[in-house]
Amino acid sequence: MRLRVEIERLFGGHAFSRPLFYAYPGGLRFELSEGGTSIDQFLLAIVKAREICDAIFEMEQPYVACLRMRARASVPSHRDVIRELRSAGVTVSRDRCIWLEPVPLDDRFDEELEEFWVNVAFETSVAALQGLLWCAFAADFGSIRPRPACDIYLFELTKGLMVWPYDDRGMDVVGPNHDFLATLYKRFNHYLLEYDLTSMKDTFEAL
């Protein structure tokens, strides 16, 4: 359970809080898709997210991906999600870390049925990044496959950063490494989400 412990330690139990940008103050929120067709938006989101992620994740340094999905059984199956990821060129290693968290009553689809969040964390490489981003952004596009039914979080634990590509519209980057976040703020200022720009200016232009 090393990966779970490290994620919870670095992000104070807020790594999977939503919306992440507000639950973990002092981060960045990027706007990805713009106008055009659904395919235009989807492909542009991948290009912009990849550009930002390439500045975070290093070629020779493994990082952690975490799949997060809902289930209605205490021992849920996540094989379909892993199979879908495999078709995107992403291999989930056998030494993956799996843990369950109960879904709060007010967040359940049906209050009468017990639900769990299933988390599957594993180390991977930059070679898998394109496939992970594809799968993250495909969630809202029913006609695009592969499309695993899960949220995807990316962690650079050595640098103290996490990336949440929540859909084709945007991506949050947060963590305790404010110096690195400030570098991203300056480098990708033109991608920042205008709606939350005042909050980000208050954080990073005072540094």
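Before any of the text, the structure's been laid out above.
Each chain carries its own residue numbering, running from 1 in the direction its sequence is written. Side-chain atom pairs in this predicted model are given and counted only at pLDDT of 80 or more, local residue features only at pLDDT of at least 70, and totals for whole chains, interfaces and linings cover all residues. Processing note: side-chain calculations cover all non-hydrogen atoms of the structure and skip hydrogens and water entirely.

Participant: Now, about the pattern of salt bridges: what can you tell me, with residues and values included?
Facilitator: One side chain can pair with another of opposite charge once the charged atoms of both are near each other. Put simply, a salt bridge is a Lys or Arg side-chain nitrogen that is within 4 Å of an Asp or Glu carboxyl oxygen. Taken as a whole and judged by the stated rule, the model has 14 salt bridges. Between Glu-84 and Arg-145 there is a salt bridge, and its shortest N-O distance comes to 2.7 Å. One end of the pair, Glu-84, is in helix α4 (residues 79-87); the other, Arg-145, is in the loop between α5 (129-137) and β5 (151-156), and 61 residues separate them in sequence. For Glu-84, a relative accessible area of 14% corresponds to the buried category. Numbering of helices and strands runs from the N terminus, with a helix taken as a DSSP run of H or I at least four residues long and a strand as a DSSP run of E at least two residues long. Each residue is placed in one exposure class: buried if its accessible area under a 1.4 Å probe, protein chains only, is under 20% of its type's maximum, exposed if it is over 50%, and partly exposed if it falls in between.

Participant: Break down the sheet that holds strand β1 (residues 28-31) for me, with residues and values.
Facilitator: Taken in spatial order, the seven strands make up an open sheet running β1-β7-β6-β5-β2-β4-β3, and their pairing is antiparallel. The open sheet has two free edges, formed respectively by β1 and β3 (97-102), since each of these has just one partner strand. Averaged over neighbouring strand pairs, the angle between their axes works out to 20 degrees when direction is ignored. Here strand β6 (residues 161-167) pairs with strand β7 (residues 170-174) via four bridges, running antiparallel. Each residue of the ladder has a partner; that of Val-163, found in β7, is Val-173. In what follows, a contact means two residues having at least one pair of non-hydrogen atoms within 4.5 Å. In this analysis, axes come from line fits to C-alpha atoms, helices being fitted only over the stretch in contact, and the angle between any two N-to-C directions falls in the range 0 to 180 degrees. Set on the sheet, helix α1 (residues 2-11) makes contact with β2 (63-71), β3, β4 (116-124), β5, β6 and β7; between it and β3 the angle comes to about 55 degrees. Strands are treated as partners if at least two bridges between them are detected by DSSP.

Participant: So, helix α6 (residues 178-187): which residues are in play, and what are the values?
Facilitator: Along α6, the positions that sit buried rather than exposed are Leu-181, Ala-182, Leu-184 and Tyr-185. Projected onto a plane normal to the axis of α6, the buried residues spread over an arc of 160 degrees and lie on a single side. Summarising the geometry of α6, the exposed residues directed more than 90 degrees from the buried face are Asp-179, Lys-186 and Arg-187. Where α6 is buried, its residues contact β1, β6, β7 and α7 (197-204). What the arc describes is the spread of directions from the helix axis to the C-beta atoms.

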